[in-house]
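Per-entry structural report
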Amino acid sequence: MTASRTAPTIAQVAREVGVSVPTVSKVLNGRPDVASATRARVEEALDRHGYRRRRPGIPPTGAGLIDLVFHRLGSTWSLEIIRGVEDTAAAGRTSVILSELGGRHRPPRTWLETTLARPPLGVLLVASQLTAAQQRRLTSRSIPFVVIDTDGEPPPDVPTVGSDNWNGGLAATRHLVELGHRRVAAISGPSDMLCSRARIDGYRSALESAGIAVDPTLVDSGNFYVEAGYDAARRLLDRRDRPTAIFAGSDMQAIGALRAAQELGLRVPDDVSVVGYDDLPLAQWTVPALTTVRQPLAEMGAAATRMVLELAAGTTPAVTRVNLATELVVRESTAPPPLTP
């Protein structure tokens, strides 16, 4: 069946689906007392007709909430984004609720149904994206959404806030090369995340620009957490031809690398240099203090919150694709390589 040229009435949708007018109204208003199967049929019909519910108007100050959705919680990295979101939301007297997807990058149907039943002023998705169908359903309810640190290339009409991951990887590796390192290893994040791939691309570009061949055996993988950094660093530093420096794709992985070096009897930075990524608050408290790439996590959360609140108020932001700058922060964990590695 093709989409109607004009929006159907609620009664027409009800007749088509075979439900009552009050049931369609409940679905439109996010009421929870509708069976999941019935709700799905009504939503599908509304989507097919391009039905878009108008907001009743700009919500009063202090009304509503923002749903902040993480693919995974559990690190200081998450807390920095939460801080930026909450500070900005609080300034607008708006509340924030947290959702966690258990490591998945696509919200499940249960999340969508709960969100539509709420519904929030807007949704912020961290390292995750909506399916096309989920986007349509939120849009039909006039619920704006913004993606922070997207896991892949989003459609051009999806607002995003991120940082310059490629330049961050480039700056970290270039710093090591300028210190004299030629065997520079990298511990990446998950390969299914755009930021991980961009950082490793920057790492490769820095080596190639310096005339250093990229050794694929010096690139290990992790998941941004301490244990993964530790395991990868043990593998890299236990080699006979071990690297003299490691670029870790996150501060947490870099902390794991510091522990691995210590257990192997290596001194940082005398025997091996380590660079992290993120500049979390704890980076300056490690021993030695960690050289790292500062990613403006709180600023990313704040920028995304301002954007979603503008959209919720019916205003089109001046910019819907924000890419904030990264910055190398040099501390104590990097030095020239040993004379005899």
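What comes next is a walk through the structure. (Residues numbered from 1 in each chain as written. Predicted model: local features only at pLDDT ≥ 70, side-chain atom pairs only at ≥ 80, totals over all residues. Heavy atoms only, no water.)

Digging into the overall build of the protein
Along the backbone of the protein there are eleven helices and twelve strands. Burial statistics for the protein: of 341 residues in total, 53% are counted as buried. By sequence separation, contacts in the protein at least 24 residues apart represent 73% of the contacts at least 6 residues apart. Looking at the protein as shown, the accessible area adds up to about 15200 Å², and 52% of this sits on carbon and sulfur atoms. (Helix = DSSP H or I, 4+ residues; strand = E, 2+ residues; numbered from the N terminus. Buried < 20%, exposed > 50% of the residue type's maximum accessible area, 1.4 Å probe, protein only. Contact = heavy atoms within 4.5 Å. Areas by Shrake-Rupley, 256 points an atom, 1.4 Å probe, with all protein chains shown as cover.)

A word on the layout of surface pockets
For the second largest pocket, the calculated volume is near 270 Å³. Every residue lining the second largest pocket is counted, 17 residues in all, and those nearest its centre are Thr-150, Gly-162, Ser-163, Leu-194 and Asn-323. Those elements that provide at least two residues to the lining of the second largest pocket are strand S5 (160-163), helix H7 (165-178), helix H8 (194-209) and strand S11 (321-324). The biggest single contributor to the lining of the second largest pocket is S5, with four residues. Class assignment of the residues belonging to the lining of the second largest pocket gives a composition of seven nonpolar, six polar and four charged. (1 Å grid on protein atoms, 1.4 Å probe; cavity = no way out; pocket = protein on both sides within 12 Å on 5 of 7 lines; lining within 4 Å. Points joined across faces, edges and corners; volume = space filled by probe spheres on them. Nonpolar A, V, L, I, M, F, W, Y, C, P; charged D, E, K, R; others polar.)

Concerning unusual backbone geometry
Geometrically, the link from Val-268 to Pro-269 is a cis peptide bond, its omega value of 10° lying close to zero. Here Pro-269 is to be found in the loop between helix H10 (251-263) and strand S9 (273-278). Residue Val-287 is joined to Pro-288 through a cis peptide bond whose omega torsion reads -5°. You will see that Phe-224, though not glycine, has its phi angle at about 80°, which is positive. For Phe-224, the position within the fold is in the loop between strand S7 (219-221) and helix H9 (226-237).

Here's the deal with the nonpolar core
The biggest cluster of nonpolar side chains holds 34 residues, and the ones touching the most others in it are Tyr-203, Ala-233, Leu-237, Phe-247 and Val-274. At the level of secondary structure, the elements contributing two or more residues to this core comprise H7, strand S6 (184-188), H8, H9, strand S8 (245-248), H10 and S9. Per-element accounting of this core gives the leading share, five residues, to H10. Residues in contact with Val-274, not counting those within four places in the same chain, are Ile-246, Ala-254, Ala-257, Leu-258, Val-268, Leu-290, Thr-291, Ser-333 and Thr-334. If you look at the next biggest cluster of nonpolar residues, it comprises 26 residues, including Val-85, Ala-89, Val-146 and Met-252. (Core = buried A, V, L, I, M, F, W, Y, C linked by side-chain atoms within 4.5 Å.)

A closer look at the packing of helix H1 (residues 10-17) against helix H2 (residues 21-28)
Where H1 meets H2, the axes come as close as 8 Å, and the angle between the chain directions of the two elements is 110°. In terms of orientation, H1 and H2 fall into the roughly perpendicular class. Of the residues in H2, those in contact with Ile-10, Ala-11, Val-13 and Ala-14 of H1 are Val-21, Val-24, Ser-25 and Leu-28. Each residue belonging to the contact of H1 with H2 can be placed in one class, and the counts come to seven nonpolar, one polar and no charged. (Axes fitted to C-alpha atoms, helices over the stretch in contact; angles between N-to-C directions. Parallel < 35°, antiparallel > 145°, perpendicular 65-115°, else oblique.)

Notes on empty space enclosed by the protein
Enumeration over the complete set of coordinates arrives at one cavity of 30 Å³ or more. Looking at the largest cavity, its volume works out to about 30 Å³. Lining the largest cavity are Leu-125, Gln-129, Leu-130, Gln-135, Phe-145, Val-147, Pro-154 and Val-158. Of the residues assigned to the lining of the largest cavity, the class counts are six nonpolar, two polar and no charged.

Some points on the packing of aromatic side chains
Tallied over the entire structure, the rule returns one aromatic pair. Each ring, one from Phe-247 and one from Tyr-277, has its centre 6.4 Å from the other, and the planes form 55°; the classification is tilted. Here Phe-247, found in strand S8, pairs with Tyr-277, found in strand S9; they are 30 residues apart in sequence, far enough to count as distant. Overall, Tyr-277 belongs to the buried group, its relative accessible area being 0%. Over the ring of Tyr-277 we find Arg-199, and its NZ or CZ is 3.9 Å from the ring centre. (Phe/Tyr/Trp six-rings, centres within 6.5 Å; stacked < 30°, edge-to-face > 60°. Lys NZ or Arg CZ within 6 Å of the ring centre and 35° of its normal.)

Points about the sheet that holds S8
The sheet built from six strands is open, its strands ordered S7-S6-S8-S9-S10-S12 with mixed pairing. Of all strands in the sheet, those with a lone pairing partner are S7 and strand S12 (327-329), marking the two edges. With strand direction ignored, the average angle separating the axes of adjacent strands in the sheet is 20°. Lying on the sheet, H10 is in contact with S6, S8, S9 and strand S10 (291-294); it crosses S9 at an angle near 155°. (Pairing = 2+ DSSP bridges.)

Description of the environment of Arg-234
Examined against the element boundaries, Arg-234 turns out to sit in helix H9. Assessed through its relative accessible area of 27%, Arg-234 is described here as partly exposed. Separated by 225 residues in the primary sequence, Arg-234 and Thr-9 place their C-alpha atoms 64 Å from one another.

Here's the deal with the pairing of strand S2 (residues 95-100)
Residues in a regular strand point their side chains to alternate faces of the sheet. Note: strand S1 (residues 65-70) against S2, six bridges, orientation parallel. From the neighbouring strand, Leu-65 faces S2, where its bridge partner is Ser-95. Read from S1 through helix H4 (residues 76-91) to S2, the crossover connection turns out right-handed. (Right-handed = clockwise from strand over helix to strand, strands pointing away.)

Examining the sheet that holds strand S4 (residues 145-148)
Strand order in the open sheet formed by six strands is S2-S1-S3-S4-S5-S11, with parallel pairing between adjacent strands. Strands with a single pairing partner mark the edges of an open sheet, and in this sheet they are S2 and S11. Taken pair by pair, the neighbouring strands of this sheet meet at an average axis angle of 20°, ignoring direction. Helix H5 (residues 109-117) contacts S1, S2 and strand S3 (122-126) of the sheet and is inclined by roughly 170° relative to S1. The strands that helix H11 (residues 297-312) touches are S1, S3, S4, S5 and S11; relative to S4, the one it contacts most, it runs at about 165°.

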